[in-house]
Amino acid sequence: MVITKRGLILGTTAVASAAVAVAVIGVHRNATQAFFKESPKELVDEVWQLIDHEYVDDSFNSLDWNDVRTSYLDRTYTDQEEAYEAVREMLEKLDDPYTRFMDPQEFSNMQIDTQGELTGVGIQISQEEETNEIVVVAPIEETPAYEAGLLTGDVITAVDGQSTEGMDLSDVVNLIRGPVNSSVELSVTREEKPLSFTLARARIEIHPVRFSVESGPEGTLGYIRLTQFSANAAAEMREAIKELEEKNVTGYILDLRSNPGGLLFSSIDIAEMWIKEGTIVSTVDRNAISDEEIAHNKALTDKPLVVLVDGGSASASEILSGALQDNNRAVLVGAQTFGKGLVQSVRGLADGSGVAVTIAKYLTPSGRDINKLGIEPDFIIELSEAQREDLAKDRDKVGTAEDPQYAKALQVLSDSIRGNRNSASAAGVADKK
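What counts, and where the lines are drawn
Residues numbered from 1 in each chain as written. Predicted model: local features only at pLDDT ≥ 70, side-chain atom pairs only at ≥ 80, totals over all residues. Heavy atoms only, no water. Helix = DSSP H or I, 4+ residues; strand = E, 2+ residues; numbered from the N terminus. Buried < 20%, exposed > 50% of the residue type's maximum accessible area, 1.4 Å probe, protein only. Contact = heavy atoms within 4.5 Å. Areas by Shrake-Rupley, 256 points an atom, 1.4 Å probe, with all protein chains shown as cover. Phe/Tyr/Trp six-rings, centres within 6.5 Å; stacked < 30°, edge-to-face > 60°. Salt bridge = Lys/Arg side-chain N within 4 Å of Asp/Glu carboxyl O. Axes fitted to C-alpha atoms, helices over the stretch in contact; angles between N-to-C directions. Parallel < 35°, antiparallel > 145°, perpendicular 65-115°, else oblique. Left-handed = near helix turned anticlockwise from the far one by under 90°. Pairing = 2+ DSSP bridges. pLDDT = per-residue confidence, 0-100. Core = buried A, V, L, I, M, F, W, Y, C linked by side-chain atoms within 4.5 Å.

Draft legend 1. Broad picture of the overall build of the protein. When helices and strands are counted, the protein shows 11 helices and 21 strands. Considering the protein as a whole, with its 433 residues, one finds that 54% of them fall into the buried category. Long-range pairs, those at least 24 residues apart, make up 71% of the contacts in the protein with a sequence separation of at least 6. Approximately 18,400 Å² of the protein is accessible, and the part contributed by carbon and sulfur atoms is 46%.

What follows is the structure, given as structure tokens:
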């Protein structure tokens, strides 16, 4: 399968703060496919052709896709808005929340998002497949949503008093977006309890990697928190590891909690910084053609590694954590991950609109299909609702002994470092004999 990695989106979300960086592959059109030039029908057919050629499910959700085309092209469209509604209706028949249409404004917002300067409240949301509820995947650190205390799993029921029931995900995103310094009120339910948050929209500069040197029972360790797999994530991760190596840390804790994903190439680049050799991920399209990504001896360190994950760790986070787990490179601590194992390609269309199309699924090195299942940590540490709210109220506790998942990761890492030292000592004694 020959595809451009930078055109693959692995984020689980539509992003009200523009958090998931994407890349546009380009307009999907040729002379034989553009049957209705200069008319709204051209757009409808353009999207139909794209789905026909690339959609991951060649049964098209058990539809006769040719009949669908005939049905929609037999209609009369007086303007582009009617064509947009028809395209959305057509894509809904696939019953795939990740294959979606974006009008020119929505698509422009997505393109702006790739520049790294974001405007919004810093919340990443998805639409539940079965209930159609709008759910918080994760708030982005150091943003209005994060500081206000929104949590993974919160269900957004209204925006500025307008119910989200029956809304498409993109409509909710548009309601949450707005000018810098304006405010928006989000009504949510958490554990069936209604809550309200008034957030100030802001211009947000996202640095996906934060790191520090921490003390541990077996010496200093490197703590790295990765919040999303954006275009600059790999470069920032490389700098973090190099600087921590210069400080001679004894091991690492990589925190992927509440990381909703991002770009496939970013997760692969970062995996190569930890894995010397072996498979990282394989993507399988509707023709069962697999494109395998393999590590090429570019690892920056071989020191012990523990990875923190939770229910907000999705997509690219699951690729990285699955690769590290299956290659026995890291121990995973935390809670079951989100379970998003589908790959999207984003295409720009002729009139400035765009469409995200699910084109493949990905498998971990051992062949695990994690879609809807997630990855199970080696050590499961579930946080209670009280613990989650306590960490949300005081973010300084995250990544400290007062963070139960981090505390367990520190114990596991210390045991690993100690075990390596004992093995090295035993080997030295044997050599002398």
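Draft legend 2. The packing of aromatic side chains, seen in detail. Applying the stated criterion to the full structure yields 6 aromatic pairs. Note on Tyr-223 and Tyr-406: the rings are 5.4 Å apart at their centroids and 85° apart in plane angle, and the pair reads as edge-to-face. Taken as a pair, Tyr-223 in strand E13 (residues 219–226) and Tyr-406 in helix H11 (residues 404–432) lie far apart in primary sequence, 183 residues in all. Grouping residues by exposure puts Tyr-223 and Tyr-406 together as buried. Summarising the aromatic geometry, the rings of Tyr-252 and Trp-274 are spaced 5.1 Å apart at their centres and angled 80° between planes, so their arrangement reads as edge-to-face.

Draft legend 3. Molecular detail of the pattern of salt bridges. Under the definition given, this model contains 20 salt bridges. One salt bridge connects Arg-69 with Asp-45, and the closest N-O pair in it is separated by 2.7 Å. Taken together, the positions of Arg-69 in helix H2 (residues 65–73) and Asp-45 in helix H1 (residues 40–54) put the pair 24 residues apart, joining distant regions of the chain. Note on Asp-45: relative accessible area 0%, which makes it buried. In this structure, the salt-bridge partner of Glu-218 is Arg-418, at a minimum N-O distance of 2.9 Å. Here Glu-218, found in the loop between strand E12 (209–216) and E13, pairs with Arg-418, found in helix H11; they are 200 residues apart in sequence, far enough to count as distant. Through salt bridges with shared partners, a single network forms among Glu-85, Arg-88, Asp-103 and Glu-106.

Draft legend 4. Quick look at the packing of helix H8 (residues 264–274) against helix H9 (residues 316–326). Packing of H8 against H9 leaves a shortest axis separation of 9 Å and a crossing angle of 25°. In terms of orientation, H8 and H9 fall into the roughly parallel class. Crossing handedness for the pair H8 and H9: right-handed. Facing Leu-264, Ser-267, Ile-270, Ala-271 and Trp-274 of H8, the residues of H9 in contact are Ala-316, Ile-319, Leu-320 and Leu-324.

Draft legend 5. The arrangement of the environment of Leu-349 in detail. With respect to the helices and strands, Leu-349 occurs in the loop between strand E19 (342–348) and strand E20 (354–363). The exposure class assigned to Leu-349 is buried, which follows from its relative accessible area of 4%.

Draft legend 6. View of the pairing of E20. A large share of E20 lies buried, amounting to 9 of its 10 residues. Relative to E20, strand E3 (residues 100–102) is paired through 3 bridges, and the arrangement is antiparallel. Looking at the pairing, Arg-100 lines up with Ala-356 of E20. Note that strand E15 (residues 277–284) and E20 share 3 bridges and pair antiparallel. Looking at the pairing, Thr-283 lines up with Tyr-362 of E20. Here E19 runs beside E20; their pairing, made up of 7 bridges, is antiparallel. Residue Val-346 lies in a different strand from E20, and its bridge partner there is Ala-356.

Draft legend 7. The arrangement of the sheet that holds strand E18 (residues 331–334) in detail. Spatially, E12-E13-E14-E17-E18-E21 is the arrangement adopted by the 6 strands of the open sheet, whose pairing is mixed. Where the open sheet ends on each side, the last strands, each with one partner, are E12 and strand E21 (379–380). Sheet topology note: the E13/strand E14 (residues 252–255) ladder contains 4 bridges and is parallel. The partner of Gly-222 across the bridge, within E14, is Tyr-252.

Draft legend 8. Geometry of the pairing of strand E6 (residues 134–139). Among the 6 residues that make up E6, 6 are buried, leaving the element largely enclosed by the rest of the structure. Examined bridge by bridge, strand E5 (residues 123–127) and E6 share 5 bridges and lie antiparallel to one another. Paired with Ser-126 across the strands is Val-135, a residue of E6. Counted between consecutive antiparallel strands, the loop separating E5 from E6 contains 6 residues, among which Asn-132 sits at a positive phi close to 65°. Pairing geometry for E6 and strand E7 (residues 155–159), over 2 bridges, is antiparallel. Bridging from a neighbouring strand, Ile-134 pairs with Ile-156 of E7.

Draft legend 9. The confidence of the model for the protein, seen in detail. In the predicted model, the protein carries a mean pLDDT of 86, and the fraction of residues at 70 or more is 87%. Low pLDDT, under 50, characterises residues 1–7; the predicted model gives this stretch 18 contacts beyond four residues in sequence or across chains.

Draft legend 10. Fine view of the nonpolar core. Ranked by internal contacts, the top residues of the largest apolar core, which has 64 residues, are Ile-224, Met-237, Leu-254, Ile-270 and Trp-274. Contacts of Ile-270, omitting those with residues within four sequence positions, involve Leu-226, Phe-229, Ala-233, Ala-234, Met-237 and Leu-320. Counting 19 residues, the second-largest nonpolar core is a separate cluster that includes Val-121, Ile-156, Leu-169 and Val-173.

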